[in-house]
Amino acid sequence: MSLYAAVALLGLLAILQSSILTRVDPSTLHPDVMLLTIVAWALQRGSREGLVWGFFGGLALDVVSGVPLGLNALVLTAAGYLAGLGEARVFRTNFVLPVLIIAALTVVVFAAHCAYLLLSGNALALDSAIISILAPSLVLNLIASPLVFRPIRWLSRSYGREQLRW
């Protein structure tokens, strides 16, 4: 897959996550489509491509959302790299390990955003945030993961083992 096609796909996902999903019902939480896509791709293709997809996906989210430029890029780059460590066949065929990876990375993304809020001087009731944001986000990401993993697996197989072309 060319880097341009990957960046275009990630840009569309950033728009979907930041604009379209929040317009459906702004008062509810939504699955982290970008995180799920990056994890799915990294599990199929490894740490190197997970890192690249994480960086460009995070950067796209930074551009279309209100967080400081680089926050999502940094967090999703690390998430893509870490998820890619599970690229071995045992992870791809095992149901439990991808679920654990998604759960752990959902917590990491939540923690990064909480740390940003706290460091920027905003008040944050952490116990309330865990109950009202993290727990539902975790459940939504786990439920939505098969809906994201199947198309990403198909896309990965369509391109064979060809690596990202710069």
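For every chain, the first residue of the written sequence is number 1, and numbering continues from 1 onward in sequence order. Local features in a predicted model are, by the rule used here, given only for residues with pLDDT of at least 70; side-chain atom pairs are given and counted only at 80 or more, and totals for whole chains, interfaces and linings are based on all residues. Based on all heavy atoms of the structure, the side-chain values leave hydrogens and waters out of the count.

Caption draft 1: The overall build of the chain, seen in detail. Helix and strand definitions here come from DSSP, where helices need a minimum of 4 consecutive H or I residues and strands a minimum of 2 consecutive E residues; each element is numbered from the N-terminal end. Scanning the chain for helices and strands turns up 7 helices and 0 strands. The N-to-C order of helical and strand elements in the chain reads α-α-α-α-α-α-α. Long-range pairs, those at least 24 residues apart, make up 72% of the contacts in the chain with a sequence separation of at least 6. Contact criterion: two residues are considered in contact whenever any of their non-hydrogen atoms come within 4.5 Å of each other.

Caption draft 2: Molecular detail of the packing of aromatic side chains. Each Phe, Tyr or Trp ring, with Trp reduced to its six-membered ring, pairs with another whose centre is within 6.5 Å; inter-plane angles below 30 degrees give stacked pairs, above 60 give edge-to-face pairs, and intermediate values give tilted ones. Counted under the stated rule, the structure contains 2 aromatic pairs. Residues W41 and W53 carry aromatic rings whose centres are separated by 4.3 Å and whose planes lie at 10 degrees to one another, so their mutual orientation is stacked. Of this pair, W41 sits in helix α2 (residues 33-45) while W53 sits in helix α3 (residues 47-64); the two residues are 12 residues apart in sequence, bridging distant segments of the chain. For the pair shown, W41 and W53 are each scored as buried. Working definition: with a 1.4 Å probe on protein chains only, accessible area under 20% of the residue-type maximum means buried, over 50% means exposed, and in between means partly exposed.

Caption draft 3: The arrangement of the packing of α3 against helix α4 (residues 71-84) in detail. Where α3 meets α4, the closest approach of the two axes is 7 Å, and the angle between their N-to-C directions is 160 degrees. Between α3 and α4, the interaxial angle falls into the category roughly antiparallel. For the pair α3 and α4, the crossing hand works out as right-handed. Here S47, G50, L51, G54, F55, G57, G58, L59, L61 and D62 of α3 lie close against α4, whose contacting residues are L71, N72, A73, L76, T77, G80, Y81 and G84. Helix axes use the C-alpha atoms of the stretch in contact, all axes being lines fitted to C-alpha atoms, and the angles between their N-to-C directions lie in the range 0 to 180 degrees. Orientation categories follow fixed angle ranges, with anything under 35 degrees roughly parallel, anything over 145 roughly antiparallel, 65 to 115 roughly perpendicular, and all other angles oblique. Take the far helix as your reference; a near helix turned counterclockwise from it by less than a right angle gives a left-handed crossing, and one turned clockwise gives a right-handed crossing.

Caption draft 4: Representation of the packing of α4 against helix α6 (residues 96-119) within the structure. Closest axis-to-axis distance for the α4/α6 pair is 10 Å, and the angle between their directions is 160 degrees. Looking at the two axes, α4 sits roughly antiparallel to α6. In terms of crossing hand, the pair formed by α4 and α6 is right-handed. The segment α4 lies against α6, with L71, N72, V75, L76, A79, L82 and A83 engaging I101, L105, V109, A112, H113 and Y116.

Caption draft 5: Quick look at the pattern of salt bridges. Salt-bridge detection follows one rule: a side-chain nitrogen of Lys or Arg within 4 Å of a carboxyl oxygen of Asp or Glu. One pass over the structure, following the stated rule, counts 1 salt bridge. For E49, the salt bridge goes to R45, with nearest N and O atoms at 3.8 Å.

Caption draft 6: Expanded view of α2. Expected helix span is given by 1.5 Å per residue-to-residue step, counting one fewer step than there are residues. If you check α2, its first and last C-alpha atoms are 18 Å apart, about what 13 residues at 1.5 Å a residue would give, namely 18 Å. Within α2, 13 of the 13 residues are buried, which leaves the element mostly enclosed by the surrounding structure. G46 sits one or two positions beyond α2 and adopts a positive phi of about 100 degrees.

Caption draft 7: Local environment of the confidence of the model for the chain. Across the chain, each position has a pLDDT score giving the predictor's confidence in that residue, from 0 to 100. Put simply, the chain has an average pLDDT of 87, and 87% of its residues get 70 or more. Within the chain, helix α5 (residues 89-93) has the poorest average pLDDT of any element, 55, and α4 the best, 95.

Caption draft 8: Region of interest: the nonpolar core. Within this scheme, the nonpolar core is defined by two criteria: the residues are buried Ala, Val, Leu, Ile, Met, Phe, Trp, Tyr or Cys, and they are joined through side-chain atoms within 4.5 Å. Core analysis: the biggest nonpolar cluster contains 33 residues, and M34, L35, V39, W53, L76 and L105 have the highest contact counts within it. Elements represented by at least two residues in this core include exactly α1 (3-24), α2, α3, α4, α6 and α7 (126-158).

Caption draft 9: Structural context of the environment of V63. Mapped onto the elements, V63 comes out in helix α3. Sequence separation between V63 and G11 is 52 residues, and the spatial gap between their C-alpha atoms is 9.5 Å.

Caption draft 10: Here's a closer look at a nonpolar patch on the surface. To count toward a patch, a residue needs a relative accessible area over 30% and no salt bridge; like charges are then connected within 9 Å, while nonpolar side chains (Val, Leu, Ile, Met, Phe, Trp, Tyr) are connected within 5 Å. In this description, accessible areas are obtained by the Shrake-Rupley approach with a 1.4 Å probe, and a residue is regarded as covered only by the protein chains that are shown. A cluster of nonpolar side chains, namely L12, I15, I20, V63, V64 and L69, defines an oily patch on the protein surface of about 590 Å² accessible area. In terms of residue count, the dominant contributor to the nonpolar patch is α1 (3 residues). Examined against the element boundaries, I20 turns out to sit in helix α1. Given the relative accessible area of 46%, I20 is considered partly exposed.

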